[in-house]
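# Survey of secondary and tertiary structure
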Amino acid sequence: MQIALLGGTGDIGEGLALRLAADTDHEVVVGSRKAEKASEKAGEYERELAGRGHEVAIAHAENPDAADGADVVVLSVPAYHLSSTIESVADRLDAGTVLVSPAVGMKREDDGMHYNPPDAGSVTALARTIAPDDVPVVGAYHNLPAGRLADLDADVDWDVAIVGDDTAAVETVESVTAGVDGLRPLRAGGLGNAAEVESVTALLINLARHNDGLHDLGVRFQ
Ligand SMILES: NC(=O)c1ccc[n+]([C@@H]2O[C@H](COP(=O)([O-])OP(=O)(O)OC[C@H]3O[C@@H](n4cnc5c(N)ncnc54)[C@H](OP(=O)(O)O)[C@@H]3O)[C@@H](O)[C@H]2O)c1
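Here the structure is a predicted model, which is why all the values come from computation and not from measurement.

This next bit is on the site of the ligand. Near the ligand lie 22 residues; those nearest to it are Thr9, Ser32, Lys37, Val77 and Leu144. Within the backbone of Ile12, one N or O atom sits 2.9 Å away from an oxygen atom of the ligand. Its free accessible area being 890 Å², the ligand has 78% of it covered by the protein chains. Its residues assigned to classes, the shell around the ligand comprises 11 nonpolar, eight polar and three charged.

Okay, here's the thing in structure tokens:
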């Protein structure tokens, strides 16, 4: 499959790009608002992978071109820019594309990080309202810590809670996720359950802040 990471130049995009390229045969496309930045980061990821024995080509393009023809498009951008990013690629999406939101709305206050969803109830639900009606939207990857994901020397052992109303689209994201060593996809229900998944990210950040030795936390349910 072709997997486009819009804003794939950032933290979670880097982690997903490196792990997908290292562990699967999917074609990874790094998207950016700027073609030059996409090219630079794709080259950086290729060198990182080559240093660990993975001779893989990472494609790169401006976000609309990255989304064009992709089977899976991951919105690896800050929650506040999710709507404009979807709008910028909307005419390149169709029913054959699965749009994935890993985005979490949070606000930092003196006592810690708080989940701060938009009026739609969750960022994933917001994505549903902005995306073209025929494009399935799935929520996933909200609870992965980008730093550790991007460290290919680090073993990972995390669950990925996936929400979506379109069964085929959820299955596609499950399949992509299961291809990455150490990630276990878990179904968390429909898009109406996205807030529960997204809010866990704020908990992970607060746990890391208040407990020595805990950082880059993910989730493993057992
Ligand atoms: N960081 C984590 O550990 C983590 C974990 C799970 C989920 N997430 C979620 O994943 C999303 C991305 O997080 P991140 O930490 O990777 O963010 P980030 O590094 O701050 O930004 C990611 C990319 O977003 C693009 N971007 C920045 N401003 C933008 C704008 N105004 N309009 C459109 N694109 C813009 C940039 O790409 P270009 O400049 O190349 O366009 C940037 O490289 C967030 O919604 C976050 O909640 C993050």
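So, about the nonpolar core. Counting 37 residues, the largest nonpolar core has Leu16, Ile58, Val100, Tyr141, Leu144 and Val173 as its most contacted members. By residue number, the principal contributor to this core is helix α1 (residues 11-23), which donates seven residues. Beyond its immediate sequence surroundings of up to four residues, Leu16 is in contact with Leu5, Val74, Tyr141, Leu144 and Leu149. Residues Leu82, Ile86, Leu99 and Val137 belong to the second largest nonpolar core, which totals 22 residues.

Another point: the packing of helix α4 (residues 82-89) against helix α5 (residues 123-130). Their axes nearest at 10 Å, the elements α4 and α5 cross at an angle of 30°. It follows from the interaxial angle that α4 and α5 lie roughly parallel. Read as a crossing pair, α4 and α5 show a hand that is right-handed. The segment α4 lies against α5, with Leu82, Ser83, Ile86 and Glu87 engaging Val123, Leu126, Ala127 and Ile130. Its residues placed into classes, the contact of α4 with α5 shows six nonpolar, one polar and one charged.

Glancing now at a nonpolar patch on the surface. On the surface, Leu203, Leu207 and Leu214 cluster together into a nonpolar patch covering about 240 Å² of accessible area. Tracing the chain through its elements places Leu203 in helix α8 (residues 194-210).

Relative to the 22 Å expected for 16 residues at 1.5 Å per residue, helix α2 (residues 35-50) spans 22 Å between its end C-alpha atoms, a close match to the ideal helical length. Of the positions making up α2, those classed as buried are Ala38, Lys41, Ala42, Gly43, Tyr45 and Leu49. Next to the buried residues of α2 lie α1, β2 (27-32) and β3 (59-62).

At their nearest, the axes of α1 and α2 sit 10 Å apart, and the two run at 45° to each other. Classified by the interaxial angle, the pair formed by α1 and α2 is oblique. For the crossing formed where α1 meets α2, the hand is right-handed. Packed against α1, whose contacting residues are Gly13, Glu14, Ala17, Leu18, Ala21 and Ala22, the element α2 presents Lys41, Glu44, Tyr45, Glu48 and Leu49 at the interface. Of the residues in the contact of α1 with α2, the class split is six nonpolar, one polar and four charged.

Take the pattern of salt bridges next. Inspection of every chain in the model, using the stated rule, returns 11 salt bridges. Residue Asp159 pairs with Arg184 through a salt bridge whose shortest N-O separation is 2.6 Å. Here Arg184 lies in strand β10 (residues 183-187) and Asp159 lies in strand β9 (residues 158-164), a separation of 25 residues in the sequence. Put simply, Arg220 and Asp159 hold a salt bridge, and the shortest N to O gap is 2.6 Å. Placement of the pair is Arg220 in the segment after α8 and Asp159 in strand β9, with a sequence separation of 61 residues. Its relative accessible area of 2% is what places Asp159 among the buried residues.

Thresholds, definitions, all that
The numbers attached to residues start from 1 for each chain and follow its sequence in the written order. Residue-level local features of this predicted model are given only where pLDDT is at least 70; pairs of side-chain atoms are given and counted only at 80 or more, and the full residue set underlies all totals for whole chains, interfaces and linings. The basis for every side-chain value is the complete set of non-hydrogen atoms in the structure, without hydrogens or water. In this text, near means that some heavy atom of the residue lies within 4 Å of the molecule or strand in question. Within 3.5 Å is the distance limit for a polar contact, defined as a pair of N or O atoms, with the added protein rule that one can donate a hydrogen and the other accept it, and that residues adjacent in sequence qualify only through two side-chain atoms. Surface exposure here means Shrake-Rupley accessible area, sampled with a 1.4 Å probe, where a residue is shielded only by the protein chains that are shown. In this classification, Asp, Glu, Lys and Arg are treated as charged, Ala, Val, Leu, Ile, Met, Phe, Trp, Tyr, Cys and Pro as nonpolar, and every other residue, Gly included, as polar. Nonpolar core, defined: a set of buried Ala, Val, Leu, Ile, Met, Phe, Trp, Tyr and Cys residues in which side-chain atoms within 4.5 Å join the residues together. Burial classes: relative accessible area under 20% of the type maximum marks a residue as buried, over 50% as exposed, and values in between as partly exposed (1.4 Å probe, protein chains only). Secondary structure is summarised from DSSP: a helix means a run of H or I of at least four residues, a strand means a run of E of at least two, and numbering begins at the N terminus for each. When checking whether two residues touch, look at their non-hydrogen atoms; a contact exists if any pair is within 4.5 Å. The angle between two axes is taken between their N-to-C directions and runs from 0 to 180 degrees, where each axis is a line fitted to C-alpha atoms and a helix contributes only its stretch in contact. Should an angle fall under 35 degrees it is called roughly parallel, over 145 degrees roughly antiparallel, and 65 to 115 degrees roughly perpendicular, with every other angle called oblique. Crossing handedness follows the turn of the near helix against the far one: under a right angle anticlockwise gives a left-handed crossing, and clockwise gives a right-handed one. Exposure above 30% relative accessible area and the absence of a salt bridge qualify a residue for a patch, where like charges join within 9 Å and nonpolar side chains (Val, Leu, Ile, Met, Phe, Trp, Tyr) within 5 Å. Each salt bridge in this description consists of a side-chain nitrogen of Lys or Arg and a carboxyl oxygen of Asp or Glu lying within 4 Å of one another. By this rule, a helix spans an expected 1.5 Å times one less than how many residues it contains.

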